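Here is how the chains run, residue by residue.
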Amino acid sequence: MRPPAEDVERRRAEREAAARAKPVAPRVTQVFMAMLLPFLILIGAVRAVASPVFLWAEYFRPGFPGDGYGFSSEDRLTYGSYAVDYLANFASPRYLGDLVLASGEKLFSEREVAHMADVKLVVLSAYGAGAALLVFFVVVYLAIRRTRGAFARGLFAGSLVTVFLVVALAVLGLLGWQQFFTEFHRIFFADGTWTFSLEDTLIRLFPGQFWIDAALAIAVLTFVTAVLIAVFTWPRRVREDDGGTALEESGSDEAGPAA
């Protein structure tokens, strides 16, 4: 016996609604991607700048302030490279504490070595967080790759959040760099542990201009990376195939149910 026409129509409508329903899990995942992508990009930019290559570009660029206490650009590159290498290795503070000048004097004071140990803890924690975030994005890709365009949309949203944050932080830095720099250090370091005199090695190697340039380089790298991600994941229009089924032309994920 054929069911009533109303039941047939209702069931057909329910099937169509179920087919058009968008999965919740990819949507929630995209929100997390949007929140976490800025940190991943930022940590990658910090790692790129915290390198001897950036030191070389800084110390030998025209206009970079010289050291009034005797370090040449070559000296700065040599000693500065030790400091940068220490931040990324697993050596003890002796790595810096045992360094001596030609005169036999310690290159870094005990306070400077202690501060660099604090910096190292923050930097290695950031690198560890970056590795965890990278694993997260790989797992997310494998989990939602069959939902058409879901991963690309998450990256696109994250890139927009990143651009907004970079612009906001850049404005804060321009409005008051010294205050911005001070508050940044107060977040991670105890008062009195990160201030030094002009004669101290850390200030001679990394004067104020160095940190301005480093912040600018990190901001530019982060901004450019976010813009490139946005360009390559830009949502495309939705079209219909010959049968009237909606097909989404967004991202490069594998084909699957429309999300």
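Residues numbered from 1 in each chain as written. Predicted model: local features only at pLDDT ≥ 70, side-chain atom pairs only at ≥ 80, totals over all residues. Heavy atoms only, no water.

**Q** Looking at this model, I keep getting lost on the overall build of the protein chain. Mind explaining?
**A** Check the secondary structure of the protein chain and you find 10 helices and 2 strands. In the protein chain, the succession of α and β elements from N to C terminus is α-α-α-α-α-α-α-α-α-α-β-β. Among the 259 residues that make up the protein chain, the fraction classed as buried is 33%. Sequence-distant contacts in the protein chain: of pairs separated by 6 or more residues, those separated by 24 or more amount to 74%. Here the protein chain displays about 15,700 Å² of accessible surface, and carbon together with sulfur accounts for 67% of that area. (Helix = DSSP H or I, 4+ residues; strand = E, 2+ residues; numbered from the N terminus. Buried < 20%, exposed > 50% of the residue type's maximum accessible area, 1.4 Å probe, protein only. Contact = heavy atoms within 4.5 Å. Areas by Shrake-Rupley, 256 points an atom, 1.4 Å probe, with all protein chains shown as cover.)

**Q** Help me understand the packing of aromatic side chains, please; the structure alone is not making it clear to me.
**A** We describe a pair of aromatic rings using the distance from one ring centre to the other and the angle between the two ring planes. Under the definition given, this model contains 17 aromatic pairs. Between Trp-56 and Phe-60 the ring centres are 6.1 Å apart and the planes differ by 35°, which places this aromatic pair in the tilted class. One aromatic cluster in this structure is built from Phe-54, Trp-177, Phe-180, Phe-181, Phe-206, Phe-210 and Trp-211. In this arrangement the basic side chain of Lys-120 is found over the ring face of Tyr-86, its NZ or CZ atom lying 4.0 Å from the centre. The aromatic ring of Phe-71 is capped on one face by Arg-204, whose charged end is 3.7 Å from the ring centroid. (Phe/Tyr/Trp six-rings, centres within 6.5 Å; stacked < 30°, edge-to-face > 60°. Lys NZ or Arg CZ within 6 Å of the ring centre and 35° of its normal.)

**Q** Quick question: what am I supposed to make of a nonpolar patch on the surface here?
**A** A cluster of nonpolar side chains, contributed by Val-167, Val-171, Leu-175, Leu-216, Val-220, Phe-223, Val-224, Val-227, Leu-228, Val-231 and Phe-232, occupies part of the molecular surface with about 1,000 Å² of accessible area. Among the elements of the structure, α7 (150–175) and α10 (208–232) are those that each provide at least two residues to the nonpolar patch. Take the nonpolar patch: its biggest share by element is 8 residues, from α10. Relative to the assigned elements, Phe-223 resides in helix α10. Residue class for Phe-223 comes out partly exposed when judged on its relative accessible area of 33%. (Patch = residues over 30% accessible without salt bridge, like charges linked within 9 Å, V, L, I, M, F, W, Y side chains within 5 Å. Salt bridge = Lys/Arg side-chain N within 4 Å of Asp/Glu carboxyl O.)

**Q** Hey, could you run me through the packing of α7 against α10 in this one?
**A** When two helices pack together, their arrangement is given by the angle between the helix axes and the distance between those axes. Two elements in contact, α7 and α10, have axes whose closest approach is 8 Å; the angle formed by their N-to-C orientations is 150°. The pairing of α7 with α10 is recorded here as roughly antiparallel in orientation. Note that α7 runs across α10; the crossing there is left-handed. Side by side, α7 and α10 meet where Leu-155, Phe-156, Ser-159, Thr-162, Val-163, Val-166 and Val-167 of the first sit next to Ala-219, Thr-222, Phe-223, Ala-226, Val-227, Ile-229 and Ala-230 of the second. In the contact of α7 with α10, the residues fall into 11 nonpolar, 3 polar and no charged. (Axes fitted to C-alpha atoms, helices over the stretch in contact; angles between N-to-C directions. Parallel < 35°, antiparallel > 145°, perpendicular 65-115°, else oblique. Left-handed = near helix turned anticlockwise from the far one by under 90°. Nonpolar A, V, L, I, M, F, W, Y, C, P; charged D, E, K, R; others polar.)

**Q** Explain the nonpolar core here, please?
**A** Most often, soluble globular proteins have nonpolar side chains that are buried together. Leu-96, Phe-108, Met-116, Leu-205, Phe-206 and Phe-210 are the most contacted members of the largest nonpolar core, which totals 33 residues. Of all the secondary-structure elements, those providing two or more residues to this core are α2 (24–49), α3 (52–59), α4 (73–88), α6 (110–144), α9 (201–205) and α10. In terms of residue count, α6 provides more of this core than any other element does, 6 residues in total. The contact partners of Phe-108, leaving out residues within four places of it in the chain, are Tyr-79, Leu-96, Leu-99, Val-113, Thr-201, Leu-202 and Leu-205. (Core = buried A, V, L, I, M, F, W, Y, C linked by side-chain atoms within 4.5 Å.)

**Q** So what exactly am I meant to see when it comes to the confidence of the model for the protein chain here?
**A** Detailed reading of predicted coordinates is not advised where the pLDDT is low. Averaged over every residue, the pLDDT of the protein chain is 87; the share at 70 or more is 83%. Taking the mean pLDDT of every element in the protein chain, the minimum, 45, falls on strand β1 (residues 238–240) and the maximum, 97, on α9. Scored below 50 in pLDDT, residues 238–259 makes 45 contacts in the model with residues more than four places away or belonging to other chains. (pLDDT = per-residue confidence, 0-100.)

**Q** Whenever I open this one, the pattern of salt bridges confuses me. Can you help?
**A** If the charged atoms of two oppositely charged side chains come close together, the side chains can form a pair. Counted according to the given criterion, the structure contains 6 salt bridges. One salt bridge connects Arg-94 with Asp-98, and the closest N-O pair in it is separated by 3.0 Å. Overlapping salt bridges, with partners in common, bring together Glu-58, Arg-61 and Asp-213 in one network.

**Q** Any chance you could explain the side chain of Lys-120 here in plain terms?
**A** Relative to the assigned elements, Lys-120 resides in helix α6. Buried within the structure, Lys-120 lacks any salt-bridge partner; Asp-85 is the closest side chain of opposite charge, at an N-O distance of 11 Å. At 2.7 Å, the side chain of Lys-120 and the backbone oxygen of Ala-91 are in polar contact. Lys-120 has contacts with Tyr-86, Leu-87, Asn-89, Phe-90 and Ala-91, leaving out every residue within four places of it along the chain. (Lys, Arg positive; Asp, Glu negative; His and termini not counted. Polar contact = N/O pair within 3.5 Å; in protein donor to acceptor, adjacent residues only side chain to side chain.)

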